[in-house]
Amino acid sequence: FTTSTEPVMEVQIQTVKVPDAHAARNKILENRDEIISMANTQDPALIDLGGGARDIDVRILDGRMGRMLITHLAIDTKDAMGANTVNRMAEYVAPFIEKLTGGKVYMRVVNNYAIRRLARARAVFNKEALGGEDVVDGMLYGYDCAYHDPHRATGHNKGTLNGITAVVLATGNDTRAVECSCHAYAARDGQYRALPVWEKNSDGDLVGTLELPVPVGMVGGMSHAHPTAKAALKILGVKSSRELGEVLAAVGLAQKVAAE
């Protein structure tokens, strides 16, 4: 069973040398609607498809070079991965953000940590098919270690990504973007942990769930241009980038239970 969120990607706009960071953050948020309208002029085709810039968030970070503002512009990229589109939008609104803040914009780049673009999978594996309840318990002990120990979690997630990366590559998507995003998501609470979650239900069967970011697309780039990628998408029978993300989550869960 799979579900997914809307295909929303973010772009980050870094502003430095800001005289008053908190006041500048408020100015950006006060001009939210204008910034979104400006961004949406950069891809009329995406707007016609029902996508486009949706929201803004602004963070204040204290770095080694001083205080900086990081503006996150959230864009529904529909069936595209969307890196080129979101970067173009960021380039266009950057001068306006400089004017609002009195600072200097440097980075204007897609955020590969795609926490707004998630896919989820859930499955129940019959205990007898796995070899009995003792096998289920053994898998749960292994998962317990992987959840609490980054040394085991690294291999645990590597096994999950074995299947995911293969599908990402076959469909002409960016393996590094997906892998980096998944690894960052595994450490979202401050410790690197296992991505798949294993539990046992009242019948003693193994229940697996997996949630992960899926910055992938079906239009534009290699997915649209390369004949092998087009053939792979046709074989999968997916009709949207959300469905492709859900396939990735399902494959990751199946791959990991097989590896166990």
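Residues numbered from 1 in each chain as written. Predicted model: local features only at pLDDT ≥ 70, side-chain atom pairs only at ≥ 80, totals over all residues. Heavy atoms only, no water.

Asks: Just give me the short version of the overall build of the protein, but keep the residues and values in it.
Replies: Along the backbone of the protein there are 11 helices and eight strands. Once the 29 positive and 31 negative side-chain charges of the protein are each reduced to a mean point, those two points are 6 Å apart. (Helix = DSSP H or I, 4+ residues; strand = E, 2+ residues; numbered from the N terminus. Lys, Arg positive; Asp, Glu negative; His and termini not counted. Charge placed at Lys NZ, Arg CZ, Asp CG, Glu CD.)

Asks: An account of the sheet that holds strand E3 (residues 52-63) is requested, with residue identities and associated values reported.
Replies: Pairing in this open sheet of four strands is antiparallel, and the strands run E3-E4-E2-E5 from one edge to the other. In the strand order of this sheet, the two ends are held by E3 and strand E5 (104-111), each with one partner. Shown here is a sheet whose adjacent strand axes are inclined to one another by a mean of 20 degrees, direction ignored. Relative to strand E4 (residues 66-76), strand E2 (residues 8-16) is paired through nine bridges, and the arrangement is antiparallel. Across the sheet, Val 11 pairs through a bridge with Leu 73, a residue of E4. In the packing of helix H2 (residues 32-40) onto the sheet, the strands contacted are E3 and E4, and the crossing angle to E3 comes to about 115 degrees. On top of the sheet, helix H4 (residues 83-101) reaches E2, E3, E4 and E5; it is set at about 155 degrees to E5, its chief contact. (Pairing = 2+ DSSP bridges. Axes fitted to C-alpha atoms, helices over the stretch in contact; angles between N-to-C directions. Contact = heavy atoms within 4.5 Å.)

Asks: Residues and numbers for the pairing of strand E6 (residues 118-125), please.
Replies: One ladder, built from three bridges, connects strand E1 (residues 2-4) with E6; its direction is antiparallel. Along E6, the bridge assignment pairs Thr 3 with Arg 120. Bridge count for E6 against strand E8 (residues 206-213) is eight bridges, and the pairing is antiparallel. Among the inter-strand pairings, Ala 123 is bridged to a residue of E8, identified as Gly 208.

Asks: Explain the packing of aromatic side chains to me, using residue names and the numbers behind them.
Replies: Counted by the stated rule, this structure contains two aromatic pairs. With a centroid separation of 6.1 Å and 65 degrees between ring planes, the pair formed by Phe 125 and Trp 198 is classed as edge-to-face. Of this pair, Phe 125 sits in strand E6 while Trp 198 is found in strand E7 (residues 197-200), placing the two residues 73 residues apart along the sequence. Neither Phe 125 nor Trp 198 differs from the other in exposure class; each is buried. On the basis of an interplanar angle of 50 degrees and a centroid distance of 6.1 Å, the ring pair of Tyr 143 and Tyr 147 is categorised as tilted. Of the two residues, Tyr 143 and Tyr 147 both sit in helix H6 (residues 133-148), four residues apart, roughly one turn of that helix. Overall, Tyr 143 belongs to the buried group, its relative accessible area being 11%. Across from the ring centre of Tyr 106, 5.7 Å away, lies the NZ or CZ of Lys 104, which sits over that ring. Positioned above the aromatic ring of Tyr 185, the side-chain terminus of Arg 188 is 3.9 Å from the ring centre. (Phe/Tyr/Trp six-rings, centres within 6.5 Å; stacked < 30°, edge-to-face > 60°. Buried < 20%, exposed > 50% of the residue type's maximum accessible area, 1.4 Å probe, protein only. Lys NZ or Arg CZ within 6 Å of the ring centre and 35° of its normal.)

Asks: Tell me about the pattern of salt bridges, residues and numbers included.
Replies: By the definition in use, this model includes 15 salt bridges. In this structure, the salt-bridge partner of Asp 55 is Arg 32, at a minimum N-O distance of 3.1 Å. Note that Asp 55 is positioned in strand E3 and Arg 32 in helix H2, a separation of 23 residues in sequence. Judged by relative accessible area, which is 28%, Asp 55 ranks as partly exposed. Overall, Arg 32 belongs to the partly exposed group, its relative accessible area being 29%. The partner of Asp 76 in a salt bridge is Lys 78, and the shortest N-O contact between them spans 3.8 Å. For Asp 76, a relative accessible area of 5% puts it in the buried group. (Salt bridge = Lys/Arg side-chain N within 4 Å of Asp/Glu carboxyl O.)

Asks: Residues and numbers for the pairing of E8, please.
Replies: Within a regular strand, the side chains alternate between the two sheet faces. Most of E8 is tucked away: six of the eight residues are buried. Sheet topology note: the E7/E8 ladder contains four bridges and is antiparallel. When the bridges of E8 are listed, Glu 199 appears paired with Val 207. Where E7 hands over to E8, the hairpin turn is made up of five residues, of which Gly 204 adopts a positive phi near 85 degrees.

Asks: Outline the side chain of Asn 111, supporting the account with residue identities and numerical values.
Replies: Among the structural elements, Asn 111 can be located in strand E5. Of the polar contacts made by the side chain of Asn 111, one reaches the backbone nitrogen of Tyr 113; its length is 3.0 Å. Sequence-distant contacts of Asn 111, defined by excluding residues within four places in its chain, comprise Met 9, Glu 10, Val 11, Gln 12 and His 72. (Polar contact = N/O pair within 3.5 Å; in protein donor to acceptor, adjacent residues only side chain to side chain.)

As far as function goes, none of this settles anything; it's purely spatial.
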